[in-house]
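# Chains, contacts and geometry: an overview
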Amino acid sequence: AQLERGGINRTEIETIKMIIASKNNNKVFPCFLVLVVALASSSSNAFSIPPKTTQRCRQNNAKNEVTILKQYSFRSAVVTSASASVVPTEASSNEEQSPPSDRTAVITDKPPPPQPLPSTLTGVIFDMDGTLLHHAINFPEMRSRIYAVADADPIGVHLERECILALVDKLSPQGQDECQLIFREIEQRAIDDMKVMEGGLELIRYLKGRGIKIGVLTRNLERNVQFMVDMYQDGIGKLDNSNDEMNKSRTKNEPLFDTIVARDSTTIDKETGEAITIPAKPNPDGILHICKLWNVPSSSVIMVGDSANDDMTAANRANCGGAVLLTQPGGTSLDTDSGYSVGMSDEEVKERTPSLRVESLTELRLCLEELLLGDQNADIEEEKEERRSKKKNVAPPL
């Protein structure tokens, strides 16, 4: 109705609705831009686009440039997805107005973007706070209090305000001790309020049942991660009252999480033979360390997290097969900023760009089920073809 009030005819509206309703996601993003062009050409400023439509649009690669040319008697518009801008151009005053049925939309785009998930999946690495657990750490409070300690510290007063973890390591011994107390206090509150993310139990249980390796990469402490592990172990134990014997055997005989890397996790330096702390996200070392332990390429692993700055950047720097951003319903994100500045160059923006956005872990599970089912069907067909080939090569009886 809002589009109609802006002068867009019923035929175009029905066409747009039909394309959005289709299952071809490659058409959803161009269609979204057609809506933007239509609204830019309308006299109505009051409009809204359904959250599900925008979520599906965001699943497409934002760098896949799409140009929309929509001709109107009074103006034309060019939209480029890379900049998400609308550039209107006034039409010639002597141009005759075309009937509504003559309005056309020409859509051109580049080849389809890369797949959001790897064709062969061997492992999934999860962030903890805000992903496997509900977001409970008060980052604004943490930043404010750490920066206050740095302001009063003889060394910190001269330092730039960067990532709070890196900043604390540069303070005086007394300043570091004060900051560690702040970390413990805020993180303990988060432990007290710890709650499993909806859909998390079913997702972890499903991955274990399919033999997919599961890792946790968090900027929290190892001792705090154990509380999360216990909650998941107990929760999945209750789910296993069902008749799914495959999942029962796996969860009883194996740990739920194959590898856990926290901000205080260490590894052995090859050159010195000494234990060194694994750098925290957005450094990719944590992901690469997990992949090395699993003996799998990072291209067959996906990283799932709620922070574009930390999780998506780490995933893309490690060349993961997928970088999945978990958002709030409606596509919004909470404040999980630890204080470091982010660049706006093309390369830096690309590093923070997810290959897939989901609004729940249940939605992610459905995506993975479809992916793994397709992979399973491909294996079955390959096995059948191999059997047929062997039959052809068998020598006939004498």
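Residues numbered from 1 in each chain as written. Predicted model: local features only at pLDDT ≥ 70, side-chain atom pairs only at ≥ 80, totals over all residues. Heavy atoms only, no water.

Two side chains of opposite charge can pair, provided their charged atoms sit close to one another. All chains considered together, the criterion is met by 14 salt bridges. Its salt-bridge partner being K281, residue D127 comes within 2.9 Å of it at the nearest N-O pair. Of this pair, D127 sits in the loop between β5 (123–126) and α5 (139–152) while K281 sits in the loop between β9 (275–277) and α11 (285–294), and the two are 154 residues apart along the sequence. D127 sits in the buried class, given a relative accessible area of 6%. For K281, a relative accessible area of 5% translates into the label buried. (Salt bridge = Lys/Arg side-chain N within 4 Å of Asp/Glu carboxyl O. Helix = DSSP H or I, 4+ residues; strand = E, 2+ residues; numbered from the N terminus. Buried < 20%, exposed > 50% of the residue type's maximum accessible area, 1.4 Å probe, protein only.)

This part is about the side chain of S307. Tracing the backbone through its elements, the reader meets S307 in the loop between β10 (301–305) and α12 (308–317). Polar side-chain contacts of S307 include one of 3.4 Å to the backbone nitrogen of N309. Setting aside anything within four residues of it in sequence, one finds S307 in contact with M312, L325 and T336. (Polar contact = N/O pair within 3.5 Å; in protein donor to acceptor, adjacent residues only side chain to side chain. Contact = heavy atoms within 4.5 Å.)

Moving on to the packing of aromatic side chains. Counting across every chain of the model gives one aromatic pair. With a centroid separation of 6.0 Å and 75° between ring planes, the pair formed by Y232 and F257 is classed as edge-to-face. Taken together, the positions of Y232 in helix α9 (residues 222–239) and F257 in the loop between α10 (245–253) and β7 (259–261) put the pair 25 residues apart, joining distant regions of the chain. On the accessibility criterion, Y232 (0% relative accessible area) is buried. Taking the ring centre of F183 as reference, the NZ or CZ of R263 above it sits at 5.2 Å. (Phe/Tyr/Trp six-rings, centres within 6.5 Å; stacked < 30°, edge-to-face > 60°. Lys NZ or Arg CZ within 6 Å of the ring centre and 35° of its normal.)

What follows covers the sheet that holds strand β6 (residues 213–217). Reading across the sheet, the six strands line up as β7-β6-β5-β10-β11-β12 and stay open at both edges, with parallel pairing between neighbours. Two strands in the sheet have a free side with no partner beyond their single neighbour: β7 and β12 (356–358). If you compare each strand with its neighbour and ignore which way they point, the axes differ by 20° on average. The sheet contact formed by strand β11 (residues 322–326) and β12 spans three bridges and is parallel. For V324, the partnering residue across the bridge sits in β12 and is L356. Against the sheet, helix α8 (residues 200–209) contacts β5 and β6, and its axis sits at roughly 155° relative to β5. Taken strand by strand, α11 contacts β5, β6, β7 and β10, and its axis lies near 150° from that of β6. (Pairing = 2+ DSSP bridges. Axes fitted to C-alpha atoms, helices over the stretch in contact; angles between N-to-C directions.)

One can find V124 in strand β5. Relative accessible area serves as the criterion here: at 0%, V124 is assigned to the buried category. Spatially, the C-alpha atom of V124 lies 8.5 Å from that of L207, the residues being 83 residues apart in sequence. Look past the residues within four positions of V124 in its chain and what remains in contact with it is L207, I212, K213, I214, G215, W294, I302 and V304.

Attention now moves to the nonpolar core. Where a protein is soluble and globular, its nonpolar side chains tend to be buried together. F126, M228, Y232 and F257 are the most contacted members of the largest nonpolar core, which has 38 residues in total. Listed by contribution, the elements that provide at least two residues to this core are β5, α8, β6, α9, β10, β11, β12 and α14 (361–393). When residues no more than four places from it in sequence are discounted, the contact partners of Y232 are L132, L133, V196, M197, G200, L201, I204, L256 and F257. Counting residues in hydrophobic clusters, the runner-up holds 19 residues, among them V149, F183, I186 and Y340. (Core = buried A, V, L, I, M, F, W, Y, C linked by side-chain atoms within 4.5 Å.)

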